[in-house]
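Structural features, examined
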Amino acid sequence: MRVALIGMGSVGRGVLETLVKKDLGIVVTGIADSRSGCMDSTGIDLPSVLSAKKNGRPCGSPDISATDVIKNADYDALIEVTPTNACSGEPAIGYIKTALGRQKHVVTSNKGPIALAYKELRGLAQKNHVALRYEATVAGAIPIMHTLEHGLSGNEIFGLYGVLNGTCNYILTRMAAEGLTYDQALMEAREMGYAEADPTYDVQGIDAAIKLVILANTIWDNGVTLDNVERTGIDLLTADALRLAEEEGCTIRLIAEAIPRKNILRVTPRIIEKNHPLVVEGTLNALTLETDLAKEITLIGKGAGSIETASAIIGDLLFIRDHHVQRT
């Protein structure tokens, strides 16, 4: 199967590194970063591209843009892994539309397009008889979309509860374990590379809320948006609040929750018992699904990381290869 990749941040590099290490029958024929691009219908030399990026050089020619690759490269599936824009979803929405319009399959880790334009993009994919897959948009390496689509096929999903942001979970874990203040734990998270210089997106629950929107629309197709999510972050939590929870045999986690029958769609810090399945440590993510047949199912795993996210992307690519490309 031939693929083109747009985006050479940590996730994009993780995908290419995985393809170098594993013989998966996937040939990369187009690559673009924010400054350059390259195309070769016979296959691009991935180690050379990775070496160039590692040394601060562009991945290809400055005369070739991401749009050029999407419109002109010879590929079966587009891998779209550019940074998320939670406000407009661009330029990723435009990239995905262009690829779908060419009757190309799309795999993305970009939360913006799926949260903001899911119904439109899904409709365009269906119209052109191609796949749009986005396992990597929620919970990193945890195969939540695959579980919903296949493992729980036939189940009615009543609700979901999850720890969907590793940065917040790390901060809360350290506050509880060491009695750190929020500011101290945030500083440590920055030093560890878990928090951005501006952590607003994570600590105010925006990232978790976007993931909750993606899950809700995937499961119930209810057209919810970020504006429908009741949201409270962790930035006002104190060490005293964690200590008081600890005295009751509990702790605090930022929980994303969706229960349609109760009109609940929220992200908020919750006091939960320490032996609850969602009390995971560090940067782990966890998600519990309530179903009619399987009852409660809890999935736990790495919620971020270049190779972990690449795992989800590779899984989507191999699904497309096995269920779509070889049949055409």
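So, here is what we can say about the structure in this document. Note that the structure is predicted; figures quoted are calculated from it, not measured. Each chain carries its own residue numbering, running from 1 in the written order of its sequence. Local features are withheld for residues below a pLDDT of 70 in this predicted model, meaning they are given only at 70 or higher, and side-chain atom pairs are given and counted only at 80 or more; totals for whole chains, interfaces and linings count all residues. Values reported for side chains reflect all heavy atoms of the structure, with hydrogen atoms and water molecules removed beforehand.

Cis peptide bonds are those with omega within 30 degrees of zero, and the linkage from E90 to P91 qualifies with 5°. Per the convention used, a helix needs a DSSP run of H or I reaching at least four residues, while a strand needs a run of E reaching at least two, with both numbered from the N terminus. Note on placement: P91 falls in the loop between β4 (77-80) and α4 (92-101). Even without a glycine there, the phi angle at H129 is positive, about 60°. Mapped onto the elements of the fold, H129 is located in the loop between α5 (111-127) and β6 (132-133). Overall, H129 belongs to the exposed group, its relative accessible area being 67%. In the Ramachandran plot, K295 falls in the positive-phi region, its phi being about 65° despite a non-glycine side chain. Structurally, K295 can be placed in the loop between β11 (284-291) and β12 (296-302). Each residue gets one of three labels from its accessible area relative to the maximum for its type: buried under 20%, exposed over 50%, partly exposed in between, using a 1.4 Å probe on protein chains only. Here K295 falls in the exposed class, since its relative accessible area comes to 54%.

What follows is about the layout of surface pockets. Here the largest pocket is characterised by a volume of approximately 1200 Å³. In terms of lining residues, the largest pocket is bounded by 45 residues, among which S10, V11, K111, E196 and A304 are the most central. Counting only elements with at least two residues in the lining of the largest pocket, the list comes to α1 (10-21), α7 (166-178), α9 (200-203), α10 (206-220) and α12 (306-323). Here the lining of the largest pocket takes three residues from α12, the largest share from any one element. Split into classes, the residues belonging to the lining of the largest pocket amount to 16 nonpolar, 20 polar and nine charged. The calculated volume of the second largest pocket comes to roughly 400 Å³. Of all the elements in the fold, those that place two or more residues in the lining of the second largest pocket are α5, β6, α6 (144-151), α10 and α12. Sort the elements by how many residues they give to the lining of the second largest pocket and α5 lands first, with four residues. Only protein atoms enter the calculation, which uses a 1 Å grid: trapped sets of points that fit a 1.4 Å probe without letting it out are cavities, open sets showing protein on both sides within 12 Å along at least five of seven lines are pockets, and any residue with an atom within 4 Å of a point is a lining residue. Grid points are joined across faces, edges and corners, and a volume is the space filled by probe spheres set on the points. Each residue gets one of three labels, nonpolar for Ala, Val, Leu, Ile, Met, Phe, Trp, Tyr, Cys and Pro, charged for Asp, Glu, Lys and Arg, and polar for the others, Gly among them.

Turning our eyes to something else, we now look at the sheet that holds strand β10 (residues 264-273). Ordered in space as β8-β10-β9-β7-β11-β12, the six strands form an open sheet in which the pairing is mixed. Two strands in the sheet have a free side with no partner beyond their single neighbour: β8 (230-231) and β12. Sheet strands touched by helix α11 (residues 239-247): β9 (250-259) and β10. Its angle to β9, the strand with the most contacts, is close to 95°. At least two bridges found by DSSP between two strands is the condition for calling them paired. We call two residues in contact whenever any of their non-hydrogen atoms come within 4.5 Å of each other. Angles run from 0 to 180 degrees between N-to-C directions of axes, and those axes are lines fitted to C-alpha atoms, restricted for helices to the stretch in contact.

Residues spaced three or four apart along an α-helix face the same direction, because each turn holds 3.6 residues. Those residues of helix α8 (residues 182-191) not exposed but buried are Y182, A185, L186, E188 and A189. The buried residues of α8 occupy one face: seen down the axis, they fall within an arc of 160°. For α8, the exposed residues set more than 90 degrees away from the buried face come down to D183, M187 and E191. Our arc is simply the arc of the directions from the helix axis toward the C-beta atoms.

Put simply, a salt bridge is a Lys or Arg side-chain nitrogen that is within 4 Å of an Asp or Glu carboxyl oxygen. Per the stated rule, a full pass over the model turns up 18 salt bridges. A salt bridge links D74 to R2; its shortest N-O distance comes to 2.6 Å. Remark: R2 occurs in strand β1 (residues 2-6) and D74 occurs in the loop between α3 (66-72) and β4; sequence separation between them is 72 residues. Note on D74: relative accessible area 32%, which makes it partly exposed. For the salt bridge of K274 with E246, the shortest nitrogen-to-oxygen distance reads 2.7 Å. Of the two residues, K274 sits in the loop between β10 and β11 while E246 sits in helix α11, which places them 28 residues apart along the sequence. Linked through salt bridges whose partners overlap, the residues forming this network are R2, D74 and D76.

Looking now at the packing of aromatic side chains. Aromatic pairing here means that ring centres of Phe, Tyr or Trp (its six-membered ring) are within 6.5 Å. Orientation follows from the plane angle: under 30 degrees is stacked, over 60 is edge-to-face, and everything else is tilted. One pass over the full model with this rule turns up two aromatic pairs. On the numbers, 5.7 Å between centres and 75° between planes, the contact of Y118 with Y134 is edge-to-face. Remark: Y134 occurs in the loop between β6 and α6 and Y118 occurs in helix α5; sequence separation between them is 16 residues. The exposure classification of Y118 matches that of Y134, with both residues buried. A centroid spacing of 4.8 Å and a plane angle of 65° characterise the contact between Y170 and Y194, whose relative ring orientation is edge-to-face. Taken as a pair, Y170 in helix α7 and Y194 in the loop between α8 and α9 lie far apart in primary sequence, 24 residues in all. On the accessibility criterion, Y170 (10% relative accessible area) is buried. Counted as over-ring charges are cases with an Arg CZ or a Lys NZ within 6 Å of the ring centre that also lie within 35 degrees of the ring normal. One residue, K104, lies across the ring of Y75, its end atom 5.5 Å from the ring centre. Sitting over the face of the ring of F319, R133 holds its NZ or CZ atom 3.8 Å from the ring centroid.

So yeah, pure geometry; function would need other evidence.
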